[in-house]
Amino acid sequence: MTGLILADLNPELPGAPFEVILFGLFATLAVVGALRVITASDPFVSALSLLINFVSLGALYLMLDQSFVAIGQILVYAGAVVVLFLFVIAYLGDRRELAEDAVRLRALRPIALVAAAAFGAMLVGVVIAADFPDAADISKKTPAGFSFGSPRAIGEAFLGHYVLAFEVTSLVLLVAAIGGIVLGLTGRARHDRLRKLMQTRSADQQKRRYEQAEQELTARRRAELAAGTSTKEDAST
Amino acid sequence: MTVPVDWFVGLSAILFAIGAAGVLVRRNALVVLLSIEIMLNAGNLALIAFSRTHASQDGQVLAITVMAIAASEVVVGLGIVVALSHLRRELDTDELSELRG
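Residues numbered from 1 in each chain as written. Chains lettered and ligands numbered in written order. Predicted model: local features only at pLDDT ≥ 70, side-chain atom pairs only at ≥ 80, totals over all residues. Heavy atoms only, no water.

Student: Lay out the overall build of chain A in plain terms, naming residues and giving numbers.
Tutor: Within chain A one finds eight helices and zero strands. The burial tally for chain A puts 28% of its 237 residues in the buried class. Sequence separation of 24 or more characterises 52% of the internal contacts of chain A that already satisfy a separation of 6 or more. Of the roughly 15800 Å² of accessible surface on chain A, a fraction of 67% belongs to carbon and sulfur atoms. (Helix = DSSP H or I, 4+ residues; strand = E, 2+ residues; numbered from the N terminus. Buried < 20%, exposed > 50% of the residue type's maximum accessible area, 1.4 Å probe, protein only. Contact = heavy atoms within 4.5 Å. Areas by Shrake-Rupley, 256 points an atom, 1.4 Å probe, with all protein chains shown as cover.)

Student: Report on the overall build of chain B, specifying residues and quantitative values.
Tutor: Scanning chain B from N- to C-terminus turns up three helices and zero strands. Seen in sequence order, chain B has helices and strands lined up from the N terminus as α-α-α. Within chain B, the fraction of its 101 residues that count as buried is 62%. Taking contacts inside chain B between residues at least 6 apart in sequence as the whole, the part at least 24 apart equals 55%.

Student: Outline the interface of chain B and chain A, supporting the account with residue identities and numerical values.
Tutor: Taken residue by residue, the interface counts 73 residues in chain B and 79 residues in chain A. Between chain B and chain A the total buried area reaches about 7000 Å² when both faces are included, carbon and sulfur atoms providing 74% of it. Where chain B touches chain A, the interface holds one salt bridge. Arg52 of chain B serves as the salt-bridge partner of Asp65 of chain A, at 2.7 Å between the closest nitrogen and oxygen. Across the contact surface, chain B and chain A share nine residue pairs in polar contact (both at pLDDT 80 or more). Elements with a contribution of two residues or more to the side of chain B that touches chain A: helix 1 (5-25), helix 2 (29-54) and helix 3 (58-87) of chain B. (Buried area = accessible area lost by both parts, 1.4 Å probe. Salt bridge = Lys/Arg side-chain N within 4 Å of Asp/Glu carboxyl O. Polar contact = N/O pair within 3.5 Å; in protein donor to acceptor, adjacent residues only side chain to side chain.)

Student: With reference to specific residues and values, describe helix 3 (residues 43-63) of chain A.
Tutor: Its 21 residues give helix 3 of chain A an end-to-end C-alpha distance of 30 Å, which sits within 8% of 30 Å, the value for a rise of 1.5 Å per residue. Once helix 3 of chain A finishes, Asp65 of chain A follows within two positions and takes phi at roughly 60°, a positive value. (Expected span 1.5 Å × (residues − 1).)

Student: I'd like a rundown of the packing of helix 3 of chain A against helix 4 (residues 67-92) of chain A, residues and numbers included.
Tutor: All names here are of chain A. In contact at an axis separation of 8 Å, helix 3 and helix 4 are set at 175° when each is read in the N-to-C sense. Here helix 3 lies roughly antiparallel to helix 4, going by the angle between them. Together, Pro43, Phe44, Ala47, Leu48, Leu51, Phe54, Val55, Leu57, Gly58, Tyr61 and Leu62 of helix 3 and Ser67, Val69, Ala70, Gln73, Ile74, Tyr77, Ala78, Val82, Leu86, Ile89 and Ala90 of helix 4 make up the contact between the two elements. Of the residues assigned to the contact of helix 3 with helix 4, the class counts are 19 nonpolar, three polar and no charged. (Axes fitted to C-alpha atoms, helices over the stretch in contact; angles between N-to-C directions. Parallel < 35°, antiparallel > 145°, perpendicular 65-115°, else oblique. Nonpolar A, V, L, I, M, F, W, Y, C, P; charged D, E, K, R; others polar.)

Student: Go over unusual backbone geometry, please, and point to the residues and values.
Tutor: Of note, Asp65 of chain A is a non-glycine position whose phi angle comes to about 60°, a positive value. Along the chain, Asp65 of chain A falls in the loop between helix 3 and helix 4. Its relative accessible area of 8% is what places Asp65 of chain A among the buried residues. Despite not being glycine, Ala55 of chain B has its phi angle at roughly 50°, a positive value. Within the fold, Ala55 of chain B resides in the loop between helix 2 and helix 3.

Student: An account of helix 1 of chain B is needed here, citing residue identities and associated values.
Tutor: Helix length check: helix 1 of chain B (21 residues) gives 30 Å between terminal C-alpha atoms against 30 Å at 1.5 Å per residue, within 8%. By the criterion of burial, helix 1 of chain B is predominantly enclosed, with 15 of the 21 residues buried.

Student: Requested: an account of the environment of Ile138 of chain A, with residues and values cited.
Tutor: Residues and elements named next belong to chain A. Topologically, Ile138 is positioned in the loop between helix 5 (108-129) and helix 6 (151-159). For Ile138, a relative accessible area of 18% translates into the label buried. A sequence separation of 10 residues divides Ile138 from Phe148, and the C-alpha atoms of the two residues are 7.0 Å apart.

Student: Summarise the environment of Leu45 of chain B; cite the residues concerned and give the values.
Tutor: Mapped onto the secondary structure, Leu45 of chain B falls in helix 2. Judged by its relative accessible area of 0%, Leu45 of chain B falls in the buried class. Considered as a pair, Leu45 of chain B and Ala13 of chain B are 32 residues apart in the sequence and their alpha carbons are 9.4 Å apart. Aside from chain neighbours lying at most four places away, what touches Leu45 of chain B is Leu57, Leu60, Tyr61 and Leu64 of chain A together with Phe8, Leu11 and Ser12 of chain B.

Student: How would you summarise the packing of aromatic side chains if you had to cite specific residues and measurements?
Tutor: Going through the model one piece at a time under the given rule, you end up with six aromatic pairs over all chains. Geometrically, the ring pair formed by Phe119 of chain A and Phe16 of chain B is tilted, given 5.8 Å between the ring centres and 50° between the ring planes. Linking Phe119 of chain A in helix 5 with Phe16 of chain B in helix 1, this pair reaches from one chain into another. A centroid spacing of 5.3 Å and a plane angle of 50° characterise the contact between Phe132 of chain A and Phe50 of chain B, whose relative ring orientation is tilted. Placement of Phe132 of chain A in the loop between helix 5 and helix 6 and of Phe50 of chain B in helix 2 is noted, with the two residues assigned to different chains. Judged by its relative accessible area of 18%, Phe132 of chain A falls in the buried class. The class for Phe50 of chain B is partly exposed, based on a relative accessible area of 29%. Through pairs of rings, three or more aromatic residues link up here, namely Phe23 of chain A together with Trp7 and Phe8 of chain B. (Phe/Tyr/Trp six-rings, centres within 6.5 Å; stacked < 30°, edge-to-face > 60°.)

As structure tokens, this is what we get:
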């Protein structure tokens, strides 16, 4: 009940406008962050803008009285996903997008933009046209620790009605972890094999060049010896 | 809740469209993955808003499940990107077309 808490903190402040201002602030931050993600040329800036987007969405979840999901949003997305992205971007180094002239499908990009804009306009139009019900009242007294959006209520839902979804999700996470390891190992293995191949090839080349040089040297020495037996003056020089 | 649910769902629609534009327009594989994250979060916002409207936990359960799936997707997607970067230098989605037909 963000509104009630704020009203408690500021008794003179009317609850409604302040919550609207908060929504405007975080919605603007979310949209600006998302736009920056898709317009920044540096992937690093994109990832950090996504962090802004995630955090402001977490604040919006808090406005919707869902503290547990808001904490999960900050922990999982801002804490884990963005950090993973930043690690990979730092690992792969600076790879900005190529110059615009190099874009092979450049003619299709305005069409893609128009398609995405039309899709968004359609979604917003549907939202405007639809008649959503007013928010249910959740301010009535509930048993301690059982309020809407509390960890306890979500835990009951997960281990009760949605226990199958819970188990399947854990299986999906396990498969994803194994898949990540396998992908990392195959990429690494190929990398190592290529490097070893290059090393052995260069070693072979070095050996061959060495043997070739050795043969040339022995042939020259033999020729010199042969020349030395015939004419002693040449051998002494 | 003084802010009507329409606003949250409208914001979710706008964010989803931005993410879709990013997936369609950008060519860096990493940025495409980031845009997919925006779309997943837009869907989550709608789920959460409707969950609050109906005062039921179902939407929250779905949103948390979506978070888990998104984490799995990031692990596998970034694994593919790193493996690709070992095989070849560029991460251009226009060039990465081995799986096409």
